[in-house]
Amino acid sequence: MTGAAGPAGGLDPARLRERLRAIEARVATAEPGTIEVVRAPGRVNLIGEHTDYNEGFVMPAAIGLEIRMAILPTDDRLVAVTLDDTGETAGFDLDAIGDPSGSWIDYVAGTAWALAGAGLPLRGFRGYLASTLPQGAGLSSSAAIEMAAALALLGRDAPVPVAERARLGRRAENGYVGVQSGVMDQFASAGGVADHAIVLDCRSLRYRPVPLPLPDVRLVVCHSGSSRKLEQSAYNDRRAECDRAVAAIRTIDPAVTALRDVTPELLAAAADRMDETAFRRATHVVAEDRRVHETETALAAGDLEAVGRLFAASHASLRDLYEVSSPELDALVEIATAVPGVVGARLTGAGFGGSTINLVRREAIPMLRAAVGRDYPVRTGLTPTVLDVDAVDGAGWVDEA
Ligand code: GLA
């Protein structure tokens, strides 16, 4: 698949309502106005990788590839969702959520589990879910399902702030699904700002929008087509290595509670108190946090060359120090970087496969597509997907046009 991405016909709210009505008698007889539609976008991260669970800074943007769900609220305490893609239906009882099943419904059930655990009143619903967000591309399709589910479960009249919805989405991942991820993906999906990235402080959950150099420069995602091998165990290993670094640094400065608190000087002073792997991981995180701020400054100054250098430094650090890149992601970055008009290219998200994010001058997009389409399959034997994406607002309700 190549092409401009955006809400396709498959996400048309009238179609989703119609499909939901076709599912069961109770829905078919519902007043049309009682069927609501929620949307939640995927995300790319511009810079600040593997910093969120170290309580540092990230710079994601919500993108115009999203999930939408038509919902009929019910008072029977049951949730059932049907997927547009496969026709599969799964669900659970809000009063007996049960253990994770290992399937996509866990993202909905986990969200219900986390929201209920926070004492929030929830409602049952029947849902019909469609998506333009590719799975396994590292674009946070699971966070998007969680953030859409949160709105569906809470309802329009019980608004919960973005930071709280994101925090509870992370709790669903950590405590129910069993993935020890940070808060970035859920926050970006819930709190994205159209035409902007956001700089998020993952400790305080305060954020500010960062204008993107639009319309001259576009966000282009290149999906490597390689699955994210070993992602979960390697991801958790990285977290443990960061914890080892923090423990060593605390022997010098007990005020440190996360790598976010560590300066390059303090890290250097603690170097001989930790193993070499922990030191390399911490070196990445400490520098990456600074790159987020430097990128924000460079974007504000319109200094795209500096942004490009920061992207390159981030990718090299993720490849060499944090060791979460892959030959495929390296190939995509190398191919893109050689194209005139590509401002910057780096892996985005957890790594181990998935996608790169590219800042590309609008007129250079055809050249980037051509170069990736020509060189990437030769180098890797895989088929890439190039997606030119908008930066969009975070999750919300879709009102009938
Ligand atoms: C995944 C996780 C995020 C974050 C990134 C790496 O996307 O879900 O919380 O840790 O990896 O920056």
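Draft legend 1. Layout of the sheet that holds strand 7 (residues 124-131). Strand order in the open sheet formed by 6 strands is 6-5-7-4-2-14, with mixed pairing between adjacent strands. At either margin of the open sheet sits one strand with a lone partner, and together these are strand 6 (89-93) and strand 14 (396-397). Strand direction decides the pairing type here: strand 5 (residues 78-83) and strand 6, joined by 5 bridges, are antiparallel. Of the residues in strand 6, the one forming a bridge with Val81 is Ala90. Sitting on the sheet, helix 4 (residues 141-154) touches strand 2 (36-45), strand 4 (60-74), strand 5, strand 7 and strand 14, and the angle it makes with strand 2 is about 150°. With respect to the sheet, helix 6 (residues 184-191) is in contact with strand 2 and strand 4, its orientation differing from that of strand 2 by roughly 130°.

Draft legend 2. Quick look at unusual backbone geometry. In this structure, Pro215 follows Leu214 across a cis peptide bond, with omega equal to 0°. One non-glycine residue, Ser140, lies in positive phi territory at about 65°. Turning to its location among the elements, Ser140 is positioned in the loop between strand 7 and helix 4. What makes Ser140 buried here is its relative accessible area of 9%. Here Asp195, not a glycine, exhibits a phi torsion of approximately 65°, which is positive. Among the structural elements, Asp195 can be located in the loop between helix 6 and strand 8 (196-201). Residue classification places Asp195 among the partly exposed positions, given a relative accessible area of 42%.

Draft legend 3. Geometry of the packing of aromatic side chains. Evaluation of the coordinates by the stated rule reveals 3 aromatic pairs. Measuring from centroid to centroid gives 5.3 Å for Tyr53 and Tyr235, while their planes differ by 65°, and the two rings are edge-to-face. Highlighted residues: Tyr53 in the loop between strand 2 and strand 3 (57-58) and Tyr235 in helix 7 (residues 231-250), separated in sequence by 182 residues. Residue Tyr53 shares its accessibility class with Tyr235, and that shared class is buried.

Draft legend 4. Quick look at helix 4. With 14 residues, helix 4 should reach 20 Å at 1.5 Å per residue; the first-to-last C-alpha distance of 20 Å fits that figure. Counting buried residues in helix 4 gives 14 out of 14 residues, a clear majority hidden from the surface.

Draft legend 5. Focus on the side chain of Gln186. On the secondary structure map, Gln186 appears in helix 6. Residue class for Gln186 comes out buried when judged on its relative accessible area of 2%. Among residues more than four places away in sequence, those in contact with Gln186 are Ala143, Glu146, Met147, Ala166, Gly169, Arg170 and Glu173.

Draft legend 6. Region of the structure containing the pattern of salt bridges. Taken as a whole and judged by the stated rule, the model has 26 salt bridges. A salt bridge links Arg39 to Glu66; its shortest N-O distance comes to 2.8 Å. Of this pair, Arg39 sits in strand 2 while Glu66 sits in strand 4; the two residues are 27 residues apart in sequence, bridging distant segments of the chain. The buried category is assigned to Arg39, whose relative accessible area is 12%.

Draft legend 7. Local environment of the sheet that holds strand 9 (residues 207-211). Strand order in the open sheet formed by 3 strands is 3-8-9, and the pairing between neighbours is antiparallel. Single-partner strands in this sheet number two, and they are strand 3 and strand 9. Two strands pair when backbone bridges link them, and strand 3 and strand 8 are joined in this way by 2 bridges, in the antiparallel orientation. Counted as the bridge partner of Phe57 is Asp201 from strand 8.

Draft legend 8. Local environment of the site of the ligand. Around the ligand, a shell composed of Arg43, Glu49, His50, Asp52, Tyr53, Ser181, Gly182, Met184, Asp185, Tyr235, Gly349 and Ala350 is seen. At a separation of 2.9 Å, an oxygen atom of the ligand approaches a polar backbone atom of Gly182. Contact between the ligand and Tyr235: an oxygen atom at 2.6 Å from a side-chain N or O atom of the residue. In isolation the ligand exposes 310 Å². Once the protein is present, 93% of that is buried. Along the lines of polarity and charge, the residues of the shell around the ligand split into 4 nonpolar, 4 polar and 4 charged.

Draft legend 9. How the structure looks around the pairing of strand 7. Counting buried positions along strand 7 yields 7 of 8 residues, so the element is predominantly enclosed. Across 8 bridges, strand 4 lies against strand 7 in antiparallel orientation. Paired with Ile67 across the two strands is Ser131, which belongs to strand 7.

Draft legend 10. Structural context of the environment of Arg15. Along the polypeptide, Arg15 turns up in helix 1 (residues 13-21). The partly exposed category is assigned to Arg15, whose relative accessible area is 27%. Along the backbone, Arg15 and Ala70 are 55 residues apart, and their C-alpha atoms lie at a distance of 9.2 Å. Discounting chain neighbours no more than four positions away, the residues touching Arg15 are Gly9, Gly10 and Asp84. Polar side-chain contacts of Arg15 include one of 2.7 Å to the backbone oxygen of Gly10.

Procedures and definitions
- Residues numbered from 1 in each chain as written.
- Predicted model: local features only at pLDDT ≥ 70, side-chain atom pairs only at ≥ 80, totals over all residues.
- Heavy atoms only, no water.
- Pairing = 2+ DSSP bridges.
- Helix = DSSP H or I, 4+ residues; strand = E, 2+ residues; numbered from the N terminus.
- Contact = heavy atoms within 4.5 Å.
- Axes fitted to C-alpha atoms, helices over the stretch in contact; angles between N-to-C directions.
- Buried < 20%, exposed > 50% of the residue type's maximum accessible area, 1.4 Å probe, protein only.
- Phe/Tyr/Trp six-rings, centres within 6.5 Å; stacked < 30°, edge-to-face > 60°.
- Expected span 1.5 Å × (residues − 1).
- Salt bridge = Lys/Arg side-chain N within 4 Å of Asp/Glu carboxyl O.
- Near = heavy atom within 4 Å.
- Polar contact = N/O pair within 3.5 Å; in protein donor to acceptor, adjacent residues only side chain to side chain.
- Areas by Shrake-Rupley, 256 points an atom, 1.4 Å probe, with all protein chains shown as cover.
- Nonpolar A, V, L, I, M, F, W, Y, C, P; charged D, E, K, R; others polar.

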